[in-house]
Amino acid sequence: MAAAAAATPTSRLLLHHHAAAGSEHHRQKQFRYSVSSFSLSLRCGFGRREAVAGALLPDRVTPFSCGVDEDADDHPREECGLVGVVGDPDAASLCYLGLQKLQHRGEEGAGIVAVGGDGKLKSVTGLGLVADVFGDPSRLASLPGPAAIGHVRYSTAGAAASLRNVQPFMAGYRFGQLAVAHNGNLVNYQVLRNKLEARGSIFNTSSDTEVILHLIATSLSRPLLARICDACERLSGAYSLLFLTADKLFAVRDPHGFRPLVLGRRRNGAVAFASETCALDLIDATYEREVEPGEVVMVDRRDMSVSSACLVPHRPRRACVFEHIYFSLPNSVVFSHAVHERRSAFGRALAEESPAPGADVVIPVPDSGFYAALGFACASGLEFQQGLIRWHYSGRSFIQPTQAIRDLAVKLKLAPVRGVIRGKSVVVVDDSLVRGTTSSKIVRLLRDAGAREVHMRIASPPVVGSCLYGIDTPSEGELISNRMDLEGVRREIGSDSLAFLSLGKLHGIYGAEAGDYCDACFSRKYPVLPTLPEPATEHEE
């Protein structure tokens, strides 16, 4: 990629071009939905001047505000998952299956856009789980064709009920139709939107993704590949993107590589993209490689040729370490590492750094704490048991009128196995501790179940900063480790002892690669600072 660092927006260096398929080189129940060819309206131009944020770093730079449900799972939430398939007659159905596998990356909205035999793009989007949105077989049947992209998302407060914010977004402009699905967060979103609106652009959603469509529509570059590159050069922050047109699918990753995006191939030559390799596995696509940071991959469905271009000059890689800690499924390969192996390594390092002398048993907080707890148990020589059982069918815990009822609702989600816990000194291993609400309830559950001692071990450093790059984290004021020291957090959650994996130990696990990962939520060292909008200078009369 470095060889193409000097490529201009309108003249790109193609790094490699693969032959056409066939050659030797190729081998929650209440929801709303929309089935339409509706397009967002795009018009007018754009100015390039930017206001740079220096000392001021807001708690959160996103088009949404973050709400808090005290009984919700106490983890950050990934806001999006992507799947794309080109070159298979059942592309939309394969996207549907891939989205099912990525459901953990977004549970409040899903959508698919497909190219029909007539070359027209058609969209189905809805609020709810993937199975809810596409529960009626006629919805998938309405999306025939050889290419499709899909998206799952989490929404935050104020946007949860808005169908307009469910992706993929589809737009029509003078060169045809274009659909986009986005995983990430643009830290200069408001600046870009303000300038576009000042030039006359009209926005239909509150999503930062819509800015990308406007930038492409107003770009003067040719062809579409150059327009995409031109638009992405103006973006700042995290973005993994899939674009779909009548005859091409584009996959794009931001120059820092914050969010994952991988490429695979089915036996029939179809090319697939996904946020995680687990989605490729489900649709029988063989994982080939990551989409590299700063790369644009273009697949032409007419001859299945695959081309790659450099997006922007090289920048330091900053992959999100929380993908390994919590977000990605353990059977995925993310950033070229097996997720379950990373988590086991975190647990082993935690046991070396913060053992629990005299403990009898190690139990995980299900499900994401499993491999870290297994690693802790192996390194410490302690018995590993499944002492907490997660109930996966309880849905969202709406705020209850009394504390007693709220505590009962927690027991519906997590149930202790008394025979494993009673009379024992228990080490509880979780992947992260954010607000501390879940941890305190787990400690109470275990004590009520007869645990003699409860020792909390967290297989990541203390979370002290909000994420700016596509993770729905609370504001810094709500992060318990940002408000209290270690002893204060221990008293707050009520455990007999508490220890986190240190940032230095985490870096040691990655070795020479440590600098390639974004750990801003632990270190407050943000690779890309937000760009703040300038004060408005004109008002509509």
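For clarity, every value in this text was computed on a predicted model and none was experimentally measured.

**Q** Is there a simple way to explain the pairing of strand E4 (residues 80-86) in this structure?
**A** Successive side chains on a regular strand alternate, one facing one side of the sheet and the next facing the other. With seven of its seven residues buried, E4 lies for the most part within the structure. By the bridge criterion, seven bridges tie E4 to strand E7 (residues 147-153) in an arrangement that is antiparallel. Bridging across to E7, Val-86 finds its partner in Ala-147. When E4 meets strand E13 (residues 271-274), the two strands line up antiparallel, connected through four bridges. Bridged to Val-83 within E13 is Ala-274.

**Q** Would you take a moment to explain the packing of helix H4 (residues 189-198) against helix H5 (residues 209-218) for this structure?
**A** Packed helices, taken two at a time, are described by their axes: the angle between them and the distance between them. At a minimum axis separation of 10 Å, H4 and H5 run at an interaxial angle of 50°. Taken together, the axes of H4 and H5 lie oblique to each other. Both H4 and H5 take part in a crossing whose hand is left-handed. Taking contact as the criterion, the partners of Tyr-189, Leu-192, Arg-193 and Leu-196 in H4 are, on H5, Val-211, His-214, Leu-215 and Thr-218. Partitioned by chemical class, the residues of the contact of H4 with H5 number five nonpolar, two polar and one charged.

**Q** Quick question: what am I supposed to make of the nonpolar core here?
**A** One recurring pattern in soluble globular proteins is that nonpolar side chains are buried together. By size, the foremost hydrophobic cluster in this structure holds 45 residues, and its most contacted members are Phe-322, Tyr-469 and Phe-522. Per-element accounting of this core gives the leading share, five residues, to helix H9 (residues 339-353). Not counting residues within four places of it along the chain, the set of residues in contact with Phe-522 comprises Val-321, Phe-322, Ile-325, Ser-460, Pro-461, Pro-462, Val-463, Val-464, Leu-503 and Leu-506.

**Q** Help me out: how do you make sense of the environment of Gly-269 in this one?
**A** Residue placement: Gly-269 occurs in the loop between strand E12 (262-266) and E13. Accessibility expressed as a relative area gives 7% for Gly-269, which makes it buried.

**Q** Would you take a moment to explain the packing of aromatic side chains for this structure?
**A** The way to describe two aromatic rings as a pair is by their centre distance and the angle between their planes. With the rule as written, the count across this model stands at 12 aromatic pairs. Relative to Tyr-371, the ring of Phe-370 has its centre 5.2 Å away and its plane inclined at 75°; by these criteria the two rings are edge-to-face. Clustering of aromatic rings is evident, with ring pairs tying together Phe-322, Tyr-326, Phe-327 and Phe-522. Sitting over the face of the ring of Tyr-510, Arg-342 holds its NZ or CZ atom 4.9 Å from the ring centroid.

**Q** What should I look at first to understand the sheet that holds strand E21 (residues 383-384) in this one?
**A** Whether parallel or antiparallel, the strands of a sheet pair through hydrogen bonds between backbone atoms. In space, the five strands of this open sheet follow the order E21-E20-E24-E25-E27, with parallel pairing throughout. A strand with exactly one partner marks an edge of an open sheet, and here the two such strands are E21 and strand E27 (497-500). Strand direction decides the pairing type here: strand E24 (residues 425-430) and strand E25 (residues 453-458), joined by six bridges, are parallel. Along E25, the bridge assignment pairs Asp-430 with Ile-458. Against the sheet, helix H10 (residues 370-380) makes contact with strand E20 (361-364), E21, E24 and E25, and its axis sits at roughly 165° relative to E20, the strand it touches most.

**Q** Sorry, what's going on with the pattern of salt bridges here?
**A** Here the idea is simple: oppositely charged side chains can pair when their charged atoms come close. Enumeration according to the criterion identifies 20 salt bridges in this entry. Residues Glu-323 and Arg-105 are paired through a salt bridge, measuring 2.9 Å at the closest nitrogen-oxygen approach. Residue Glu-323 is found in helix H8 (residues 322-327), and its partner Arg-105 is found in the loop between helix H1 (91-101) and strand E5 (109-115); the two are separated by 218 residues along the sequence. Judged by its relative accessible area of 0%, Glu-323 is buried. A salt bridge links Glu-295 to Arg-289; the shortest N-O distance between them is 2.9 Å. Exposure remark for Arg-289: the relative accessible area of 22% places this residue in the partly exposed category. By sharing partners, the salt bridges in this structure join Arg-105, Arg-259, Glu-276 and Glu-323 into a single network.

**Q** How should I be thinking about the side chain of Ser-142 in this particular structure?
**A** Within the secondary structure, Ser-142 sits in the loop between helix H3 (137-141) and E7. Residue classification places Ser-142 among the buried positions, given a relative accessible area of 18%. At 2.6 Å, the side chain of Ser-142 and the backbone oxygen of Arg-139 are in polar contact.

**Q** Mind showing me how you'd approach unusual backbone geometry here?
**A** Peptide bonds are trans in most cases, and residues, glycine excluded, mostly fall at negative phi. In this structure, the amide linkage connecting Gln-167 to the following residue, Pro-168, adopts the cis form with an omega of 0°. Along the polypeptide, Pro-168 turns up in the loop between E7 and strand E8 (169-173). Arg-222 connects to Pro-223 through a cis peptide bond whose omega is -10°. With respect to the helices and strands, Pro-223 occurs in the loop between H5 and helix H6 (224-233). Within the chain, Phe-335 stands out as a residue other than glycine whose phi angle is a positive 55°. Of note, Phe-335 is situated in the loop between strand E18 (333-334) and strand E19 (337-338). By relative accessible area, which is 4% here, Phe-335 ends up buried. With a phi angle near 65°, Arg-524 is a residue other than glycine that sits in the positive phi range. Turning to its location among the elements, Arg-524 is positioned in the segment after helix H17 (520-523).

Rules used throughout
- Residues numbered from 1 in each chain as written.
- Predicted model: local features only at pLDDT ≥ 70, side-chain atom pairs only at ≥ 80, totals over all residues.
- Heavy atoms only, no water.
- Buried < 20%, exposed > 50% of the residue type's maximum accessible area, 1.4 Å probe, protein only.
- Helix = DSSP H or I, 4+ residues; strand = E, 2+ residues; numbered from the N terminus.
- Pairing = 2+ DSSP bridges.
- Axes fitted to C-alpha atoms, helices over the stretch in contact; angles between N-to-C directions.
- Parallel < 35°, antiparallel > 145°, perpendicular 65-115°, else oblique.
- Left-handed = near helix turned anticlockwise from the far one by under 90°.
- Contact = heavy atoms within 4.5 Å.
- Nonpolar A, V, L, I, M, F, W, Y, C, P; charged D, E, K, R; others polar.
- Core = buried A, V, L, I, M, F, W, Y, C linked by side-chain atoms within 4.5 Å.
- Phe/Tyr/Trp six-rings, centres within 6.5 Å; stacked < 30°, edge-to-face > 60°.
- Lys NZ or Arg CZ within 6 Å of the ring centre and 35° of its normal.
- Salt bridge = Lys/Arg side-chain N within 4 Å of Asp/Glu carboxyl O.
- Polar contact = N/O pair within 3.5 Å; in protein donor to acceptor, adjacent residues only side chain to side chain.

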